[in-house]
Amino acid sequence: MKKAIIMGNGPSLGKINFNLLKESNIPTYATNRIAGICKKNNWHPSYYCVFFSAPHQGQVLKLPSGETKNYSSGDKLESRMAQKDIEYLCEKEETTCYVHDWYRYFLKKDYKNVTFCHPHLWDRFKEFPMGIMDRYSAPDNFLWWIATTSLFQLCIYHEVDTIGIVGIDGYDLSLKNNHYEGYAGSDPGNMERSNKVISRQHDVISEYLDRKKVSVYNLSEKSIIQNYPFLSFEKFLKL
């Protein structure tokens, strides 16, 4: 058995016993604004993928290709905070990082643990099609859709056969903040639509993983994801 844990940024991430996690030496895969919980628990993931636009907000970018990207709307302070979170993970030599090539403009150092990528962006307003995971594979062809998609791709590349997911909770419409403690984040304007997108992601991914004979367990007690059986974090560590 080759186990791994995939982490989103949902509130259930704040319930993980990171002391047990560190003792277990199970590889962990994380994304986006994970830095806050890393600092709080003196921990960092084994693998980190990040492809999102938050680091660009409030700016107009001239990319290395000569292409111009306009992110003039948005909060520059939030942008800088996102950049610092990404920098924090890239500075951890033990963490293997895959980051968007666009981040070269603020990642000035030559980090040996960082690979710059050109992920394939899938329109979030178009349905995620069955079979798409067969067409794109890590690390050469990452999918940029929902943040954790690339983490599942990496697990397959690393031949993981047993995955625990945590922090992939979806949006609770009664909550003002759907992220772990210490990361306020920003909820989408339409949480119901976002939940449908997340559910579709896992319909596609679970079908793909079933064919690959990969077992997946949801370590979050409260989650909209219904594709995988629930298993407590402690029991997953003992598998």
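Residues numbered from 1 in each chain as written. Predicted model: local features only at pLDDT ≥ 70, side-chain atom pairs only at ≥ 80, totals over all residues. Heavy atoms only, no water.

A.B. asks: Would you explain the overall build of the chain in this entry?
C.D. replies: A tally of regular secondary structure across the chain gives seven helices and 11 strands. Relative to the 2.2 N^0.38 estimate, which gives 18 Å for 239 residues, the radius of gyration of the chain is 17 Å and therefore close to what a compact globule would have. Projected onto its principal axes, the C-alpha positions of the chain cover 50 × 40 × 40 Å. Burial statistics for the chain: of 239 residues in total, 52% are counted as buried. For the chain, the proportion of contacts with a sequence separation of at least 24, taken over those separated by at least 6, is 56%. For the chain, the accessible surface area stands at approximately 12,300 Å², while carbon and sulfur atoms represent 47% of it. Across the chain, 30 positive and 27 negative side-chain charges occur, with their mean positions spaced 2 Å apart. (Helix = DSSP H or I, 4+ residues; strand = E, 2+ residues; numbered from the N terminus. Rg over C-alpha atoms; globule rule 2.2 N^0.38 Å. Buried < 20%, exposed > 50% of the residue type's maximum accessible area, 1.4 Å probe, protein only. Contact = heavy atoms within 4.5 Å. Areas by Shrake-Rupley, 256 points an atom, 1.4 Å probe, with all protein chains shown as cover. Lys, Arg positive; Asp, Glu negative; His and termini not counted. Charge placed at Lys NZ, Arg CZ, Asp CG, Glu CD.)

A.B. asks: Explanation requested: the state of the cysteines in the structure shown.
C.D. replies: A complete count under the given rule lists zero disulfides for this structure. The thiol of Cys38 is not disulfide-bonded; the next cysteine sulfur, from Cys97, is found 10 Å away. Cys38 sits in the buried class, given a relative accessible area of 0%. Here Cys117 stays unpaired: no disulfide links it, and the sulfur of Cys49, its closest cysteine neighbor, is 6.9 Å away. (Disulfide = S-S within 2.5 Å.)

A.B. asks: Help me understand the environment of Asp172 in this model?
C.D. replies: Within the element layout of this structure, Asp172 appears in the loop between strand E10 (162-166) and helix H6 (191-211). In the structure, Asp172 is positioned 51 residues away from Ser223 in sequence and 8.7 Å away in space, judged by C-alpha atoms. When sequence neighbours within four positions are dropped, the list of residues in contact with Asp172 reads Asn178, Met191 and Lys222.

A.B. asks: What is the right way to read the side chain of Glu87 from this model?
C.D. replies: When you line up the elements, Glu87 lands in helix H3 (residues 76-90). A residue is classified by how much of its surface remains accessible, and Glu87, at 17% relative accessible area, is buried. Residue contacts for Glu87: discarding those within four places in its chain leaves Arg80, Phe106 and Leu107.

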